[in-house]
Amino acid sequence: MNKTENKLKMVVFSDLRTHSIEKCMEIIKDIEPDIILYGGDDIDRFESLPKKTLKQIVEQSFNTFNKECIYYAPFVKIDRRSSATLSDVAVFYFKKEKKKYTKKEIINYLSNYIFNNSNDFEIRRMVRKMDNHGNKEPPLEDIKNFLEKQIIYHIDKNEGIGGLIYFSNKKEYFKKLAELSKYGLCFVLGNDNHPIYREIGIKHKNVYDVHTKPLVIGDFVIIGLEGAPTDIKFGYILSHDDKTVKKHLDNMANKYKNKKIIVLSHAPPYNILDYTIRFGEKHIGSKPLLEFIKEKKPLLVACGHVHREGGNDTLFENTHIINVASHDDNLSHGNMALIEIEENEIKTKWIKIPSNFELAVNSAKTGDELYNNLYELGVLYERECKILRSAIEEFGDEFVSDFPSLCWNIKYKYGFSLSHVVELYRMGVKKPEDIKKEHAVKLVQKIKNGLSKLILKTAFSKVFAKEGELIILSNDLGWLFEKKVAYLDVEYINSSNVVLYGFLIDGKIKQFSIGEEEGVVDLVNKLISEGYKILHYGGDDRNSILNLFRSRKIKLKPVKEAFINVCHKIKTQLAIPIQSKTLKDVCDYFDNSEKKIKRFEYKLSDGRILTYEGTRPYDFDGMRKVEFCNKILEAYQNDVDFKNMEEYHLLKGTNEVDLYDLQKIVNNLRDKIKQKDYINIPIDTIIV
C-alpha cells in the first residue's frame, strides 16, 4: 500500500488480556484513525483460528487422555517446543463402549455428564457461556439446545475413548477494528502467541502482520518485531535470539531506507520502559532493538510486554518510545494512545480504557445487578461483593473511583480485609500514609472477631514498620519474660505426619524421631507440671503435639495453655521492617552477627562422611525439608533403618539450627525491650 501521506493519526494498544474489546472499538470509532497498531499477546481474544487448524491442534490433546473429563480453553501441545491456550475451544472426553454413537446419542450423553458434574471447575467455566445463565446452573434441556447449536467435531481415537470439540462464536475483532480506520490494522505476535496465529495476517483484508510484511503508508513504513528476547526462565512461546532480531531489523531498514520508520514491537528496547518485577526485578527489553534505535534513528517505537510500564512514553536520541501495555486485572484501567505524526513532530494523547470493575458498576441499574456484576468479575468472594455493594451505595462515585487504588495500595500491599479497607475509608483513609495510630486503635477496638482482628493487627504491623526501627504495637509482652521456657520445633509433612520433634531446654537439645512419640508426651507433661512455657514458631508445631495428646485421650486444656506461638506474637505485636516473617529472616533481623560460609562434616555409622556448606549449618528451605521427611517416613513404613540416612541427619541438623534461631529471636527481642531500644505506639493491650 503506497500512499502520498506525510501525516498519520494512529491508535496504539497492546497486551489486552482482560479489558473489553467492544469498549475499545467504541473509543476508536469516535477517533476515526488512519491506522490501528496492536502490539501483541492475547490475540486469541480477538481472532479465532480456522476450524481446520483448530481441529488439528486439539486432536493432539487426545494422545495423553486417560480419564473422562472436560476442558474449557484447553492448554494443548502444538509442537515439541511449545503449547498454547485456545480460548475459543472446549474439549469433552468421554468413555464409550465398542460401538458407534450417533450425533444425537453423543449430545445426550454429554449433556447429562455436564448436568451431573456442574460443580466441576472447568464445566462451570463453560456453563457461564451458555446463553447468559451466569452463575445459575442451566436446565438439562438448555444444555442440549446449546450443544446442538455448536459446531461439533467428533474424534474417535481408539475403541474405549471418544471426544467432542465445540468452537465458540466466531471472533473477527481484528477485521472489525480494521474497518474503523482508513488503512486498517497492523499487529505483531507477542511472546505468549504461537506462530500459528500469523495466519490472521492473510485471513482478512487490511489486517497486516508487519513482522512478516511491513506496511508502507506514504512517507512512513511500519515494521514489526514479534515475540520477546529469549529467556529460559520465562519459557516464552515465541522468542528470538539477538542475532536473529538484529538481522531482521537491519533487513527491514535497508529495504525501506527512504521511509520514516515506525517500529511496532512487542518487547520494549533494553533498559527503556522494560523494568519488570513480576518474575524478579530486572530489565527484559530487546538489546538489538536498542542498538537499532541508536543506529537507524526510527521516528517512533510502539511496544508493550512489560505491563507495569504501560502508559509511559519517553524520548531517546530523538526516537519517541511508547509502552502501551495494559495490566491484566479487572480493577486497573487499560492503556491506549492516540499518536499524531506530522512531518517529524509527534503528539501523544493517552486514553484510558475503562476497567471491568468500572463497567460492572456503571452498567448496573439496581443493587442486585451491581452485586451480580461484581460477582461475575470473579475478583471477590461472595461476602466481599456484599461489602463492596454496600460501600458503593454509601459513598457513591468517589468510592468507585478510589477503589482500585485502595485495593492495590492498602488491601493487597498490607493484607487488610475488604471490610477493614471500608472502615478505614469511612475514617478518611485513602492511602497508606493517611493511616495514623488513632485509626488503628479505633479499628482494633471495634473488631470483635478473633481471626479478623489477627488479620488487622498483622496488616498494621506492616504499615507502621520503619526501616531500622523496632516498633511495639502492644503492652501485653509478658510472654517474653517467662522464667521457665522450653523451645519446640517440629519437622513434618503436616501436623499429622511428624518425622522429628526437637526441644531446646535449659541450653540442651532433645530430639525424638518418628516412632518415639511416647517420649514426646512424657516430656511435654513433665514440662507443664514444672511450670514451663513452650515457645514455638507457627501453628502446626503446637497442633502436632495436640494430636498426640488427643489420640491418647489426654485433657488438652493444660497443654494448649502451655504453648506460645512466637510467630503470631511478632506478626500482631511488633512492626519490623522486613517483608518476610519466616523464622530465618526474623532471626537475621534480630541477630546482626556476621555470617560466613562454613563447611560442616558428619560421620555416619557406616563410615561415610556427610558434608554441608553454607552460611549456617543445615540451612534448607521448607520444600527441601518436606522432601527429607517424605523419604524418612517411607523408610520407617518399610522398616528401613532411617537413622543411618543422610536425610535424617540433615533434618536433625536443621531442626537444631531452628531451635537456636528461635531462642536468638526471643533473647534479642527481650534485650531490646529491657534497653528500651524501640518505638512504642500500642494499638491494643489485649491480644486475641
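Attention here is on the structure that accompanies the text.

Cut-offs applied
- Residues numbered from 1 in each chain as written.
- Predicted model: local features only at pLDDT ≥ 70, side-chain atom pairs only at ≥ 80, totals over all residues.
- Heavy atoms only, no water.
- Core = buried A, V, L, I, M, F, W, Y, C linked by side-chain atoms within 4.5 Å.
- Buried < 20%, exposed > 50% of the residue type's maximum accessible area, 1.4 Å probe, protein only.
- Helix = DSSP H or I, 4+ residues; strand = E, 2+ residues; numbered from the N terminus.
- Contact = heavy atoms within 4.5 Å.
- Axes fitted to C-alpha atoms, helices over the stretch in contact; angles between N-to-C directions.
- Parallel < 35°, antiparallel > 145°, perpendicular 65-115°, else oblique.
- Left-handed = near helix turned anticlockwise from the far one by under 90°.
- Nonpolar A, V, L, I, M, F, W, Y, C, P; charged D, E, K, R; others polar.
- Phe/Tyr/Trp six-rings, centres within 6.5 Å; stacked < 30°, edge-to-face > 60°.
- Lys NZ or Arg CZ within 6 Å of the ring centre and 35° of its normal.
- Pairing = 2+ DSSP bridges.
- Expected span 1.5 Å × (residues − 1).

1. Structural notes on the nonpolar core
Ranked by size, the top nonpolar core spans 42 residues in total, and within it F357, L388, F399, F416, F460 and F464 carry the most contacts. Contributions of two or more residues to this core are made by α9 (356-362), α10 (367-377), α11 (382-395), α12 (397-414), α13 (418-426), α14 (437-446) and α15 (450-463). Sort the elements by how many residues they give to this core and α12 lands first, with seven residues. Apart from the residues within four sequence positions on either side, F460 is in contact with F416, L424, I435, A440, L443, V444, L473 and I683. By size, the runner-up hydrophobic cluster in this structure holds 30 residues, among which are I27, L177, L189 and I196.

2. Examining the environment of R383
Looking at the secondary structure, you find R383 in helix α11. Measuring from C-alpha to C-alpha, the distance between R383 and S419 comes to 9.7 Å, with 36 residues separating the pair along the chain.

3. Observations regarding the packing of α10 against α11
Contact pair α10 / α11: the axes reach a minimum separation of 9 Å and the direction vectors enclose 135 degrees. In terms of orientation, α10 and α11 fall into the oblique class. Relative to α11, the crossing made by α10 is right-handed. Residue-level contacts link G367, D368, L370, Y371, L374 and Y375 of α10 to E382, C385, K386, L388, R389, I392 and E393 of α11. Looking at the contact of α10 with α11 residue by residue, the classes come out as seven nonpolar, one polar and five charged.

4. A word on the packing of aromatic side chains
Under the definition given, this model contains 19 aromatic pairs. Measuring from centroid to centroid gives 4.9 Å for F399 and Y425, while their planes differ by 85 degrees, and the two rings are edge-to-face. With F399 in helix α12 and Y425 in helix α13, this pair connects stretches of sequence that are 26 residues apart. Since its relative accessible area comes to 0%, F399 is described here as buried. Residue Y425 is classed as buried on the basis of its relative accessible area of 8%. A ring pair is formed by F642 and Y648, whose centres lie 5.3 Å apart and whose planes are at 75 degrees; its orientation type is edge-to-face. Both residues of the pair, F642 and Y648, count as buried. Members of the aromatic cluster, connected to one another through ring pairs, are F13, Y38, F46, F174 and F187. Its end group placed over the ring of Y173, K176 keeps NZ or CZ at 5.3 Å from the ring centre.

5. What about the pairing of strand β24 (residues 485-494)?
Here β24 lies mainly inside the structure; seven of its ten residues are buried. Bridge analysis of β24 against strand β27 (residues 533-536) gives three bridges, and the strand direction is parallel. Across the sheet, A486 pairs through a bridge with I534, a residue of β27. Pairing geometry for β24 and strand β25 (residues 497-505), over eight bridges, is antiparallel. Within the sheet, the bridge partner assigned to D489 lies in β25 and is G502. Here β24 folds back onto β25 in antiparallel fashion, the turn holding two residues.

6. What to know about unusual backbone geometry
A positive phi angle, close to 75 degrees, is found at H305, a residue other than glycine. Residue position: H305 is located in the loop between β18 (300-303) and β19 (312-316). Classification of H305 as buried rests on a relative accessible area of 10%. At D506, a position not held by glycine, the phi torsion is positive, near 50 degrees. Relative to the elements of secondary structure, D506 occurs in the loop between β25 and β26 (508-513). Using a relative accessible area of 58% as the deciding quantity, one classes D506 as exposed.

7. Observations concerning the sheet that holds strand β23 (residues 471-472)
With mixed pairing, three strands are arranged side by side in an open sheet as β29-β23-β32. Looking at the sheet topology across the chains shown, the edges are occupied by β29 (574-575) and β32 (679-680). As paired strands, β23 and β32 are joined by two bridges and run parallel to one another. Within β32, the position partnered with I471 by the bridge is I679.

8. Some words on the sheet that holds β19
A sheet is described by the order of its strands in space; here six strands give the open sequence β11-β12-β15-β18-β20-β19, paired in mixed fashion. Edge strands, defined here as strands with exactly one partner in the open sheet, are β11 (215-217) and β19. Across the sheet, the mean angle from the axis of one strand to that of its neighbour is 20 degrees, orientation sign disregarded. Judged from the six bridges that link them, strand β12 (residues 220-225) and strand β15 (residues 260-265) form a sheet pairing that is parallel.

9. Considering α15
Across its 14 residues, α15 extends 20 Å between first and last C-alpha, which sits within 8% of the 20 Å expected from 1.5 Å per residue. Where α15 is concerned, the buried positions are S452, K453, L456, K457, T458, A459, F460, S461 and V463. Looking at the buried residues of α15, the elements they touch are α12, α13, α14, α19 (566-573) and β29.

10. Structural notes on the pairing of strand β20 (residues 319-323)
Burial within β20 is extensive, with five of its five residues counted as buried. Burial of β20 is two-sided: the residues T319, I321 and N323 facing one way and the residues H320 and I322 facing the other way are all buried. Summarising the sheet, β18 and β20 pair through four bridges and their orientation is parallel. Paired with V301 across the bridge in β20 is I321. Pairing of β19 with β20 involves five bridges; the strand directions are antiparallel.

11. A word on the packing of helix α7 (residues 242-255) against helix α8 (residues 287-296)
The interhelical angle for the contact between α7 and α8, taken along N-to-C directions, is 30 degrees, at an axis separation of 9 Å. Considering the angle they form, α7 stands roughly parallel to α8. Of the two elements, α7 crosses α8, and the hand of that crossing is right-handed. Facing α7, whose interface residues are D242, V245, K246, L249, D250, A253 and N254, α8 presents K287, P288, L289, F292 and K296. Grouping the constituent residues of the contact of α7 with α8 by class yields six nonpolar, one polar and five charged.

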